[in-house]
Amino acid sequence: MAAQVFAFILHKDGQADDSALELVAAAKKIFPDASPIAIVAGAGAGLETVCREAAASYKEVWKFANDALAYPNAEVIRPLLLKVLPKGCVLLLPHTTFGMDLGPGLAIKMDAVFVPDVVAFDGLDGATLKVVRQEFNGQASTHLACDISKGALLSLRSGCFAPEESRSAAGQVVDKSAEAGGLSARRRFVEVVQAEVGDVDITKEDVLVSVGRGFGDKENLPIAEDLAKTMGAVVSCSRPVVDAKWLDKGRQVGTSGKTVKPKVYLALGISGSFQHMGGLKGNPFIVAVNKNPKAPIFQVANVGVVADVLEFVPELTEKIKEAK
Amino acid sequence: MEILVCVKRVPDSAENEIEVKGDGSDIKRDDLVYSVNEWDNYAVEEAIQIVDRSGGSVTVVTIGSEDSEEVVRREMAMGANNGLMLVDPAFEGSDGRGIAAILKAAVQKGTYDLVLCGAQADDGAAQVGGMLAALLDWPYASLVNKIEVQDGKKIKIGREIEGGNQEINEIELPCVLSIQTGINEPRYVGIRGIRKVASVEIPVLNAAALGVDAAAVGKAGARVKRLDYFVPQAGAGAEMLQGSTDEIAAKLIDLLKAKGGLK
Amino acid sequence: MQPALVSPASASFLGIPAVFIYILIPLIGIGVFAYIMRRRIEPLLKAAPDHRFTRYPERVRAVLKIWLAQWRHPRYLLAGILHIVVFFGFLTLAARSTQLVILGFVDGFSLPGFGGAFGHFYSAAKDYAGTAVFGSAVILAVRRLAFKPARYDVPERYGKDHTPEAILVLGLICTLLVSESLFDASLVAAQAAAGQPAHWLPPLTLGWFFRHLLAGASTAALQGIHLAAYTIHDLTFFFFLCFLPMGKHFHVITSIFNVFFMRLDHGNVKPVRHGVDESKLDELKSFGVKTFEDFTWKHMLDFYSCADCGRCSDRCPANRVKRPLSPRFISIKARDCCFKLYPLWGRTQEESKALIGSIYSEDEIWSCTTCGACEQECPLGIEYIDKMVDLRRGMVDEGMVPQSLQKPLSALEKRGNPWGKLEKKRVDWIAGVGEGCRVKLFEKGEAAETLYFVDSITSYDDRMQKVAQATARILCAAGVDFGVLGKDEKDSGHEVRRFGEEMLFQTLKEQNTEAIKAAEVKRIVTADPHAYNALEKDYSGLPPVQHISEVIVDAVRSGRLTLTPGDNGSKTYTYHDPCYLGRHNALYDLPRQAIDAIPGIRRAEMTGDCRDRSFCCGGGGLMLFYEPEEEQRMGVVRVKMAQEAGADVIITACPFCLVNIEDAIKVAGLEGRMEAIDLCELIDRHIQR
């Protein structure tokens, strides 16, 4: 396949998003012959830093600097990419809120095939690309095939492609800002309103450390909080914990609490009643720690540890800190 | 404001009932119950609230078969003024692009200021809204969790982005928005409400009436083809980790890393 | 002989015969009263219909028991006794008051039949009655001012304190009693001073005290007191009469009617609209109560009759855990709203505003578990559950249903159970019943005499499935030929109806009724009190329904079932009366007999909080999904009651009670020290096989 492969790099405050490494690894896996090109669009001093960082993993980095690109507005970026991307190319995007905003419309404009939220590749046979997606909230997977001879746009789910950490590309940064030209759009970015501090929305979290009655007492919660902090996760809980007023209602996972769709769910001291599990959707990787080997949670978890959470969790936290 | 809301009739997959058929051709549908896609329902509620505040009307449109009528009727029971059904055997098997093309024809048959759809549906692709906007050449915003009508020319919207933050934008009308859950609290629609709209006429349009090229949609026009459904191998119950606490912790850390649990 | 004092009818003020005044006062008084009553009746004429002109013998019995015999009053002993004294005092003094009014223009008037011996007896009776009422009034005032019982408190959000109104009325009552006694005493004192035969005042009565107080007074003074007392009595009497319909003392007039028309059955729910058959519900434009006039006339009468005693709220579990609901204020706020909409002067307000959002909040109405403690307690026969259901019907009709309830309602519609689980999984529990016990399946065409109606929670919940299995084993051991509907069984719809989704309830009822009829059974047995209540009260045309405790007791008595000894008192058991078995169906004794049939079992009662005073566990059905604002869980309050009764194990006969209480034991930190068990599980453990 002679098509060029591009990867769109997300970045913030001068740092490239982790997805950049996943995209390059994925690109190389599917198109072993192609040399993926990173696209970095933005403005200001941080942009240069990101480009250099990208160049460590991508042999070629196309830089687009323009004040209109200071904030990643998909409506502005879409016409830009339409202008600069060669016909018939393959563009990889991370399946983030930005990717969802940019991808579908861009694929139409480029008249390219579009496959969103890809979780795995299943081979490239000539111009036929096979991928795997999930449907029905992760309850079923599908094999899809598409003809990429006229180009393709693929958005990849994060955490599905192991990032390429070697950073040995020693790539070049090519400044293509001139090609950006006049950038305007019928949607104008105003501002980002930060989520209230302390006002945690567990439904948006990818990793949850969930506490149950097994913690025994409110005083023991810091054990879980410590673990969550170390993991970069957020604490959630089961209903009895809310009723006992250890945590507020916004942390409750369950049919009468919140529905969460994390990638990883640690059920600590949670028995796994169906009311609780009813709030856990998607196909998270569930780790259960419970001192009762017969706890129902072990039926639904991927991995189980029979232990007293009060003893095991601090150990785990220690080990993670060491590993970092 | 004249608002068109695109809705889809999907299986209720709440209780983990989805099973794949032995031959992988489809999921088992015999025991499934269907209802309006949850995201679309939020979109209809939002449209009704906008019209309640600023006047206009809400039209609900769906692509499907006669089974889909129940969904349109339910949204009308909720408060949508009009319903519209797009039915044609040629539409079956359409991929996202095909669906968007059919909807585009429906949009162009009316004079709408705003088109809403749910951010995603049962296949989780989240693509139709963006594609429709591109085909119409209208501005687009996805994952909208707040809409503030300003003057007749543009509206202020909030998009849900990572970390629970909200990205505020101003977007020109007419535009297409895909709506995220939680934007509002949809009102309840009971059996009584549905019975009240039981005899309201819902027009049905086919490919010819819409002026849609059958070759561009349906199975014929699909560029992404589904080969099969399958369920990846899953272990029976949890894999119970054995060994000393140290060993278990180490193993667990490896697993967490692989699954993206450690940031 | 010249009378010792000039009587009111013979008196004159400044040359004008007093008779004019004493005719005018009653005329004006009655006139104003009639006008006020006319305005008060007006909303009732616009109200929704209520079919209460039925079953007269039962109604008369209710009046005799609850109104006349004040049957419910002693449940709060001190206040109850005092009120009984005041009540009988008022009844007794009624004749005297009438006589007094007429004395103002008919000298020496006496009511027919009140002359002679009976008259003397009555005179003494009314004097003691008056004195007793006076004493009670003083105690009541002290109680209000100094002791301030908690149930009279008015939380800030409900407005100003009601004590001033209470004290005013007590003051008016005392004024009436004192003036009446002074009227008598002054005459007796004057007669004694004039050496004339004096009317005898019974010792230690108010009159008797005043008479001695006035012993040395001059005739002029006595005359002045005599006429002043009369005039004050006259004015106060009519002022009081007109004051009655202005506040909580309206109950003095309306109570007999309110009790006459009170609810005679328990556990049932009023139709959406009286007079509209269930099959014609689609024709109604609006469901439920949205504005004030949507209430029925009896409900409006309830609002008028509320005496603000606070007993309902005192027993209300929602109020106890500080949910935003206080039944007392449901009544008081509605009454005040009515007074505002139908003012005494000025025009009736044209458009009645929506109640939800003005006097009531959504959460206030969703907070009710329909336990019935309020209605059980109310000495005036005020009902609440139907009002809550009607208000909920109104909210559902307008789409105002909390998100937390929309999912289970939708699931009930699609799958016949609130969790949306597959219909065919409704019989999964049967696999765990065990050897030797066959559960027939009507869905497969099998036949049996008895239907075991399992209902949703017992069928699907992992924990409750054990109860289903225990129940099946009991039925087998008792030799009952039974089957289950299996996937043809839908949720009984009990809470669906009580949460206002009437049409969904009707759908579930139709589906279940069809399936039950097709099964051709002779009786239905269930272990779920909500299902029991639904099948008994909400459904019709079904074979007789029994609760499992009836089957157990029957089987033990007939020897078909023998129970092995318990742990011989090593643990103390207490029985928690489920609302829908106890209060709503008066099934207090059978479950207790079933438990006591276990030899050697030690059972304690939660005295004061058992039987019809049982405290709701938190509610069942859809209530499990609702997210209330509360300070603690009802179950925790209940578990603490069990603890205080010295229990180690709480036995309950309802799956929802079991869920709530088991959860509460954990929340209260009593795991290991307190246990909960279902009646069926307990009996199953002790069956001699």
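None of these values were measured; they are calculated from a predicted model. (Residues numbered from 1 in each chain as written. Chains lettered and ligands numbered in written order. Predicted model: local features only at pLDDT ≥ 70, side-chain atom pairs only at ≥ 80, totals over all residues. Heavy atoms only, no water.)

1. Considering the interface of chain B and chain A
Our working rule: Whether two residues touch is decided by their heavy atoms; if any such pair falls within 4.5 Å, the residues are in contact. Accessible-area loss on putting two parts together, using a 1.4 Å probe and summing over both, is the definition of buried area adopted here. Salt-bridge detection follows one rule: a side-chain nitrogen of Lys or Arg within 4 Å of a carboxyl oxygen of Asp or Glu. Throughout this description, a polar contact denotes any pair of N or O atoms lying within 3.5 Å of each other; where both atoms belong to protein, one of them has to be capable of donating a hydrogen while the other can accept it, and for residues adjacent in sequence the pair is counted only when both atoms sit in side chains. Segments assigned H or I by DSSP are reported as helices when at least four residues long, segments assigned E as strands when at least two residues long, and all are numbered from the N terminus. Residue type decides the class: Asp, Glu, Lys and Arg count as charged, Ala, Val, Leu, Ile, Met, Phe, Trp, Tyr, Cys and Pro as nonpolar, and the leftover types, Gly among them, as polar. Only strands joined by at least two bridges in the DSSP assignment are considered to pair.
At the interface, 71 residues of chain B touch 73 residues of chain A. Both sides together, the interface formed by chain B and chain A hides about 6500 Å², and carbon and sulfur atoms give 57% of it. Of all residues in chain B, Arg223, Phe230 and Lys263 of chain B bury the most surface against chain A, accounting for 9% of the area lost on that side. Applying the counting rule to chain B against chain A returns 10 salt bridges. Note that glutamate 170 of chain B and arginine 188 of chain A form a salt bridge whose closest N and O atoms lie 3.3 Å from each other. The interface formed by chain B and chain A includes 35 residue pairs in polar contact (both at pLDDT 80 or more). Among the elements of the structure, α4 (128–136), β7 (140–149), β8 (154–160), β9 (166–172), β12 (224–230), β13 (239–240) and α8 (245–258) of chain B are those that each provide at least two residues to the side of chain B that touches chain A. In terms of residues, the side of chain B that touches chain A owes the most to one element, α8 of chain B, which gives 9 residues. Of the residues in the side of chain B that touches chain A, the class split is 36 nonpolar, 15 polar and 20 charged. Note: strand β10 (residues 140–147) of chain A against β12 of chain B, 6 bridges, orientation antiparallel. Residue pairing in the sheet places alanine 145 of chain A in a bridge with lysine 225 of chain B of β12 of chain B.

2. Points about the sheet that holds strand β16 (residues 264–268) of chain A
Sheet architecture is open: 6 strands sit in the order β15(A)-β14(A)-β16(A)-β17(A)-β18(A)-β13(B), paired in parallel fashion. At either margin of the open sheet sits one strand with a lone partner, and together these are β15 (234–237) of chain A together with β13 of chain B. As paired elements, strand β17 (residues 285–290) of chain A and strand β18 (residues 303–306) of chain A share 4 bridges and run parallel to each other. Counterpart to asparagine 290 of chain A in the pairing with β18 of chain A is valine 306 of chain A.

3. Thoughts on the domain arrangement of chain B
The condition is simple: For the domain bounds, the source is a domain assignment made automatically or taken from a database.
Each assigned domain of chain B is listed with its residue range as follows: domain 1 (2–221) and domain 2 (235–263). Computed over C-alpha atoms only, the centres of domain 1 of chain B and domain 2 of chain B are separated by 42 Å.

4. Points about the pairing of β15 of chain A
Residues and elements named next belong to chain A. Applied cut-off: For every residue, the accessible area obtained with a 1.4 Å probe (protein chains only) is divided by the maximum for its type, and the residue is called buried under 20%, exposed over 50%, and partly exposed between those limits. Orient the strands so they point away from the viewer, and a crossover whose first-strand-to-second-strand path over the helix runs clockwise is right-handed.
Alternating positions in β15 separate into two faces, Val234 and Ser236 on one and Val235 and Cys237 on the other, with burial throughout. As defined by bridge partners, strand β14 (residues 207–211) adjoins β15 across 4 bridges and the pair is classed as parallel. Residue valine 211 lies in a different strand from β15, and its bridge partner there is cysteine 237. In terms of handedness, the path from β14 via helix α6 (residues 221–231) over to β15 forms a crossover that is right-handed.

5. Some details on the packing of helix α5 (residues 163–193) of chain C against helix α7 (residues 219–243) of chain C
Residue and element names in this part refer to chain C. Rules: Only the contacting stretch of a helix is used when fitting its axis, a line to C-alpha atoms as for every element, and angles between N-to-C directions run 0 to 180 degrees. Every angle not falling under 35 degrees, over 145, or within 65 to 115 is termed oblique; those three ranges are roughly parallel, roughly antiparallel and roughly perpendicular. Rotating anticlockwise by less than a right angle from the far helix to the near helix defines a left-handed crossing, while the corresponding clockwise rotation defines a right-handed one.
Put simply, α5 and α7 touch, their axes get as near as 8 Å, and they point 150 degrees apart. On the basis of their axis angle, the class for α5 and α7 is roughly antiparallel. The two elements α5 and α7 meet at a crossing, and its hand is left-handed. In terms of residue class, the contact of α5 with α7 is built from 19 nonpolar, 6 polar and 1 charged.

6. Here we look at the state of the cysteines
Residue and element names in this part refer to chain C. Selection criterion: Two cysteine sulfurs form a disulfide in these notes if their separation is within 2.5 Å.
Per the counting criterion, the structure on display carries 1 disulfide over all chains. Disulfide partner of cysteine 437: cysteine 476, at an S-S distance of 2.1 Å. As the torsion about the S-S bond is roughly 80 degrees, the cysteine 437-cysteine 476 disulfide counts as right-handed. Pair noted here: cysteine 437 is in the loop between α16 (403–415) and β3 (440–441) and cysteine 476 is in helix α18 (residues 462–477), with a separation of 39 residues, a long-range link. For cysteine 437, a relative accessible area of 14% puts it in the buried group. Cysteine 242 carries a free sulfur, and the closest cysteine sulfur to it, the one in cysteine 338, is 18 Å from it.

7. Details of a negative patch on the surface
Operational definition: Patches in this entry comprise residues that are over 30% relatively accessible and not in a salt bridge; like charges within 9 Å are linked, as are nonpolar side chains (Val, Leu, Ile, Met, Phe, Trp, Tyr) within 5 Å. A 1.4 Å probe and the Shrake-Rupley method give the accessible areas. Residues count as covered only by the protein chains that appear here. When charges are counted, Lys and Arg contribute as positive and Asp and Glu as negative, whereas His and the chain ends are disregarded. To locate a charge, take NZ of a lysine, CZ of an arginine, CG of an aspartate or CD of a glutamate.
The grouping of Glu311, Glu315, Glu318 and Glu322 of chain A at the surface amounts to a negative patch. Assignment of secondary structure puts glutamate 322 of chain A in helix α10 (residues 309–323).

8. Thoughts on the packing of aromatic side chains
For clarity, the threshold we go by: Any two of the Phe, Tyr and Trp rings considered here, Trp counted by its six-membered ring, make a pair once their centres fall within 6.5 Å; the pair's planes then place it as stacked at under 30 degrees, edge-to-face at over 60, or tilted in between. Placement of a positive charge over a ring is assigned whenever Lys NZ or Arg CZ falls within 6 Å of the ring centre and within 35 degrees of the normal to the ring plane.
Evaluated as defined, the whole model comprises 33 aromatic pairs over all chains. Both rings, one in phenylalanine 121 of chain A and one in phenylalanine 161 of chain A, keep their centres 5.3 Å apart while their planes meet at 50 degrees; by these two values the pair is tilted. Highlighted residues: phenylalanine 121 of chain A in strand β8 (residues 120–125) and phenylalanine 161 of chain A in the loop between β11 (152–156) and β12 (172–175), separated in sequence by 40 residues. Just as phenylalanine 121 of chain A is buried, phenylalanine 161 of chain A falls in that class too. Ring-pair connections join several aromatic residues into one group, and the members of that group are Phe53, Tyr56, Phe260, Phe261 and Trp297 of chain C. Taking NZ or CZ as reference, arginine 392 of chain C lies 4.4 Å from the ring centre of phenylalanine 499 of chain C, over its face.

9. Describing the interface of chain C and chain A
In this assembly, 16 residues from chain C lie in contact with 11 residues from chain A. Regarding the contact of chain C and chain A, the summed buried area is about 1100 Å², with carbon and sulfur atoms giving 49% of it. Inspection of the region where chain C meets chain A yields 1 salt bridge. Across the pair glutamate 671 of chain C and arginine 213 of chain A runs a salt bridge whose closest N-O atoms are separated by 4.0 Å.

10. Remarks on the pattern of salt bridges
Scanning the entire structure with this criterion turns up 88 salt bridges over all chains. Between lysine 146 of chain B and glutamate 148 of chain B there is a salt bridge, and its shortest N-O distance comes to 3.5 Å. Overall, the relative accessible area of 33% leaves lysine 146 of chain B in the partly exposed class. Among the residues examined, glutamate 148 of chain B registers a relative accessible area of 33% and is labelled partly exposed. Between glutamate 449 of chain C and lysine 522 of chain C there is a salt bridge whose closest N-O contact spans 3.7 Å. With glutamate 449 of chain C in the loop between β3 and β4 (450–452) and lysine 522 of chain C in the loop between α20 (502–519) and β6 (523–526), this pair connects stretches of sequence that are 73 residues apart. Taking the relative accessible area as the measure of exposure, glutamate 449 of chain C reaches 43% and is therefore partly exposed. Using a relative accessible area of 59% as the deciding quantity, one classes lysine 522 of chain C as exposed. Each of Lys270, Glu278, Asp390, Arg393, Arg497, Arg498, Glu502, Lys509 and Asp538 of chain C takes part in a single network of salt bridges with overlapping partners.

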